[in-house]
Amino acid sequence: MPIMETPPQDLVSFGSSFELQPPSGAAGQKVTLNARPGPSIQLQWGALVVADPWYLEALPAQQIIFLGKGEKATLLSTIDVSREGEAEPVTIACAAAIGPVDQVADWRPLVDDEAHFHLYPDSGLGAFFDITDVSTLRPYFADDQHMFGVYKRALGEQVVTMDKDGRVAAVVFSVPDGPAEYPVYAGFDPDGLAIAALVDLKILNPIRPWHAENWPE
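As the structure is a computational prediction, the values presented were derived from the model and not from experiment.

J.: What is the right way to read the sheet that holds strand β5 (residues 47–51) from this model?
T.: Sheet strands pair via backbone hydrogen bonds, and the direction of the pair is either parallel or antiparallel. Strand order across the open sheet formed by 5 strands is β6-β5-β14-β16-β15, with antiparallel pairing between neighbours. On the outer flanks of this sheet lie β6 (65–66) and β15 (159–164), each paired with one strand and no other. By the bridge criterion, 2 bridges tie β5 to β6 in an arrangement that is antiparallel. Each residue of the ladder has a partner; that of L48, found in β6, is I65. In this fold helix α3 (residues 144–157) packs onto β14 (125–130), β15 and β16 (167–174), with an angle of close to 145° to the strand it touches most, β15.

Right, here's the structure in full:
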């Protein structure tokens, strides 16, 4: 029986409650979905790439979706999970999104080469950036020492920026369950125009790629 993915509209239904499912160590716990605003990014051309920034071999050669140029807001969809023996709950990202998700009328699987596009975060990182910035960012992506610093910051802060010439060139987010495949969705306004993209990090899926003990401390 195929694994059912969480409907993307549910991942931006902030204030809604969910019950965590096995194999999560917090199975049965009820959690509330929250919106955590992230940094904005200026898309120079509007041709969005969703990729692992520390995995050069997998960098796309073309845009994944065209959102139009200009400043785009990002956000994380999060839940707070209680852990035995800890006084404060742990905040876990369930999805990463770019664009005005509150204006989306219809979410659809993002299609690339006639298949549902998935993010493969081999390094445990995902990123949003413009295809026209790939050549500018590539030297940073290829610098392991620099990227390890980005990774450590993202692990602690969940979402960080990579800047170039005083502007945000990429928004990088940590993927809680690490390397796996994560479905990406496109969001359309009532006129059928693509305005947003969302990565389902599978935390709310019935079967997740890793067990809860792999969640970051």
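J.: In this structure, what is going on with the packing of aromatic side chains? I would like to understand it.
T.: What characterises a pair of aromatic rings is the spacing of the ring centres plus the angle enclosed by the ring planes. One pass over the full model with this rule turns up 4 aromatic pairs. Both rings, one in W54 and one in Y151, keep their centres 6.3 Å apart while their planes meet at 45°; by these two values the pair is tilted. With W54 in the loop between β5 and β6 and Y151 in helix α3, this residue pair connects regions lying 97 residues apart in the sequence. An angle of 20° between the planes, with centres 6.4 Å apart, marks the rings of F148 and Y151 as stacked. Of this pair, F148 and Y151 both sit in helix α3, separated by 3 residues, roughly a single helical turn. According to the relative accessible area criterion, F148 is partly exposed, its value standing at 41%. Ring-pair connections join several aromatic residues into one group, and the members of that group are W54, F148 and Y151. It is R108 that lies over the ring of F188; its NZ or CZ is 4.0 Å from the centre.

J.: It is not clear to me how helix α2 (residues 134–141) should be interpreted in this structure. Could you clarify?
T.: In an α-helix, one turn spans 3.6 residues; hence positions three or four apart end up facing the same way. For α2, every residue scored as buried is listed here: V134, L137 and F141. For α2, the buried positions fall inside an angular range of 70° around the axis, keeping them on one side. Seen from the open side of α2, the exposed residues pointing more than 90 degrees away from its buried face are S135 and P139. Buried residues along α2 sit in contact with β14, α3, β15 and β16.

J.: Which parts of the structure should I look at to understand the pairing of β16?
T.: The side chains of a regular strand alternate, residue by residue, between the two faces of the sheet. Counting buried residues along β16, 7 of its 8 residues qualify, which places the element largely inside the surrounding structure. Bridge analysis of β14 against β16 gives 5 bridges, and the strand direction is antiparallel. Considered in β16, the bridge of F128 is made with V171. One ladder, built from 6 bridges, connects β15 with β16; its direction is antiparallel.

J.: For this particular structure, what's the right way to read α3?
T.: Helix length check: α3 (14 residues) gives 19 Å between terminal C-alpha atoms against 20 Å at 1.5 Å per residue, within 8%. Where α3 is buried, its residues contact β14, α2, β15 and β16. Just past α3, the residue Q158 takes up positive phi, approximately 75°.

The rules behind each value
Residues numbered from 1 in each chain as written. Predicted model: local features only at pLDDT ≥ 70, side-chain atom pairs only at ≥ 80, totals over all residues. Heavy atoms only, no water. Pairing = 2+ DSSP bridges. Helix = DSSP H or I, 4+ residues; strand = E, 2+ residues; numbered from the N terminus. Contact = heavy atoms within 4.5 Å. Axes fitted to C-alpha atoms, helices over the stretch in contact; angles between N-to-C directions. Phe/Tyr/Trp six-rings, centres within 6.5 Å; stacked < 30°, edge-to-face > 60°. Buried < 20%, exposed > 50% of the residue type's maximum accessible area, 1.4 Å probe, protein only. Lys NZ or Arg CZ within 6 Å of the ring centre and 35° of its normal. Arc of directions from axis to C-beta. Expected span 1.5 Å × (residues − 1).

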